[in-house]
Amino acid sequence: MQDNEILSRISSLVTEEHELRSRLASGEVTSDEENARVKELEVSLDQCWDLLRQRRARRGIGENPDNAAPRPVDEVENYQQ
């Protein structure tokens, strides 16, 4: 996944989070539904940011950014079960 694809994914996830919060405010979803999906979105966002940081770090030291790989969910910094 290229940097621009990761940034596009991040933008999409943030948009979904904002829409979800609006739907909660208007009563379209329950707080339990909103909380569950927000947690999923936060994990996905953390993974995307982590991958982007890895790519930038590799590029910064002259390595191929395409060798960066998404880490498992439980290894991403803000993950909480």
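Residues numbered from 1 in each chain as written. Predicted model: local features only at pLDDT ≥ 70, side-chain atom pairs only at ≥ 80, totals over all residues. Heavy atoms only, no water.

Honestly, the pattern of salt bridges in this entry has me stumped. Any pointers?
In this structure the tally under the stated criterion is 10 salt bridges. In this structure, arginine 21 engages glutamate 17 in a salt bridge whose closest nitrogen and oxygen atoms are separated by 3.0 Å. Taken together, the residues span about one helical turn, with arginine 21 and glutamate 17 both in helix H1 (residues 3-25) at a distance of 4 residues. Residues arginine 21 and glutamate 34 are paired through a salt bridge, measuring 2.9 Å at the closest nitrogen-oxygen approach. Of this pair, arginine 21 sits in helix H1 while glutamate 34 sits in helix H2 (residues 31-60), placing them 13 residues apart in sequence. Taking relative accessible area as the criterion, arginine 21 reaches 39% and is therefore assigned partly exposed. Three or more residues joined by partner-sharing salt bridges are found here, namely Asp3, Arg55, Arg59 and Asp66. (Salt bridge = Lys/Arg side-chain N within 4 Å of Asp/Glu carboxyl O. Helix = DSSP H or I, 4+ residues; strand = E, 2+ residues; numbered from the N terminus. Buried < 20%, exposed > 50% of the residue type's maximum accessible area, 1.4 Å probe, protein only.)

Please explain the nonpolar core as it appears in this structure.
Inside soluble globular proteins, nonpolar side chains tend to come together where they are buried. Counting 12 residues, the largest nonpolar core consists of Ile6, Ile10, Leu13, Leu20, Val29, Val38, Leu41, Leu45, Cys48, Leu51, Leu52 and Ala68. Among the elements of the structure, H1 and H2 are those that each provide at least two residues to this core. Examining the composition of this core, we find that 6 residues originate from one element, H2, more than from any other. Once residues within four sequence positions are removed from consideration, isoleucine 10 is found in contact with Leu45, Cys48, Trp49 and Leu52. (Core = buried A, V, L, I, M, F, W, Y, C linked by side-chain atoms within 4.5 Å. Contact = heavy atoms within 4.5 Å.)

Just to check I follow, could you spell out the side chain of glutamate 17 for this structure?
Overall, glutamate 17 belongs to the buried group, its relative accessible area being 13%. Residues contacting glutamate 17, with those up to four places away along its chain left out, are Val38, Leu41, Glu42 and Leu45.

Can you walk me through the environment of asparagine 4 in this structure?
Here asparagine 4 shows up in helix H1. Spatially, the C-alpha atoms of asparagine 4 and leucine 52 are 9.5 Å apart, while their sequence positions differ by 48 residues.

Structural measurements only, silent on function.
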